[in-house]
Amino acid sequence: VTLSAFSMARYARLTRSTFLDVLGQDYIRTARAKGLTQNLILWRHAFKNASVSLITMTGLEIGNLIAGAVVVEQVFAWPGMGRVMVQSLLNRDFAVVTAAVVLFAAMYTLCNLIADLAYGWVNPTVRLNS
């Protein structure tokens, strides 16, 4: 809750504005004119196109969550990678600090790779041509 409370307002605002933008598009009006139900329009047509910006924000937000975890673990004295990294810095154990930074960087890179791959799954027009 401590880490996610800061981001929840941004996600809610981005989701609302993106959905309002998508729901005003021509293909949504065409789907309504065909007589499709509102749930079908929202989930099959609107959600996939609106989720691209949410995936982008989630991929970028991972770095803030990793950095925030270091602070939250230190403030609340919770055991975790962030606390280990801070204690290793204070003890001048730079090998552990280096390993933790490499691990955090790998997690961040992996999460951004997953976000990029999710673009192709959500929106087929984004897929690479091979």
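In this text the structure is predicted, and so the values were computed from the model without any measurement.

Visitor: Can you walk me through the overall build of the protein chain in this structure?
Guide: When helices and strands are counted, the protein chain shows five helices and zero strands. Listed by position from the N terminus, the elements making up the protein chain come as α-α-α-α-α. Compactness check: the protein chain gives a C-alpha radius of gyration of 20 Å against a globular reference of 14 Å for 130 residues, more than 25% above the reference. The dimensions of the protein chain, computed from C-alpha atoms along their principal axes, are 65 × 40 × 15 Å. Taking all contacts inside the protein chain whose residues are at least 6 apart in sequence as the whole, residues at least 24 apart take part in 53%. Per element, the accessible surface of the protein chain, about 9,000 Å² overall, is 67% carbon and sulfur. Side chains of the protein chain give 11 positive and 6 negative charges; the mean places of these two sets differ by 10 Å.

Visitor: I would appreciate a short explanation of a nonpolar patch on the surface in the present structure.
Guide: A cluster of nonpolar side chains, namely Val71, Val75, Phe76 and Trp78, defines an oily patch on the protein surface of about 420 Å² accessible area. Note that Phe76 resides in helix H3 (residues 38-76). With a relative accessible area of 41%, Phe76 lands in the partly exposed category.

Visitor: Is there a simple way to think about the side chain of Ser88 in this case?
Guide: Relative to the elements of secondary structure, Ser88 occurs in helix H4 (residues 81-90). In this structure Ser88 touches Asp93, Val96 and Val97, once residues within four positions along its chain are discounted.

Visitor: Looking at this structure, I do not really get unusual backbone geometry. What am I missing?
Guide: Most peptide bonds are trans, and most residues other than glycine sit at a negative phi. Even without a glycine there, the phi angle at Ala77 is positive, about 55°. Relative to the assigned elements, Ala77 resides in the loop between H3 and H4. Unlike most non-glycine residues, Arg92 shows phi in positive territory, near 60°. Mapped onto the elements of the fold, Arg92 is located in the loop between H4 and helix H5 (94-122).

What counts and what doesn't
- Residues numbered from 1 in each chain as written.
- Predicted model: local features only at pLDDT ≥ 70, side-chain atom pairs only at ≥ 80, totals over all residues.
- Heavy atoms only, no water.
- Helix = DSSP H or I, 4+ residues; strand = E, 2+ residues; numbered from the N terminus.
- Rg over C-alpha atoms; globule rule 2.2 N^0.38 Å.
- Contact = heavy atoms within 4.5 Å.
- Areas by Shrake-Rupley, 256 points an atom, 1.4 Å probe, with all protein chains shown as cover.
- Lys, Arg positive; Asp, Glu negative; His and termini not counted.
- Charge placed at Lys NZ, Arg CZ, Asp CG, Glu CD.
- Patch = residues over 30% accessible without salt bridge, like charges linked within 9 Å, V, L, I, M, F, W, Y side chains within 5 Å.
- Salt bridge = Lys/Arg side-chain N within 4 Å of Asp/Glu carboxyl O.
- Buried < 20%, exposed > 50% of the residue type's maximum accessible area, 1.4 Å probe, protein only.

In short, geometric facts, not functional conclusions.
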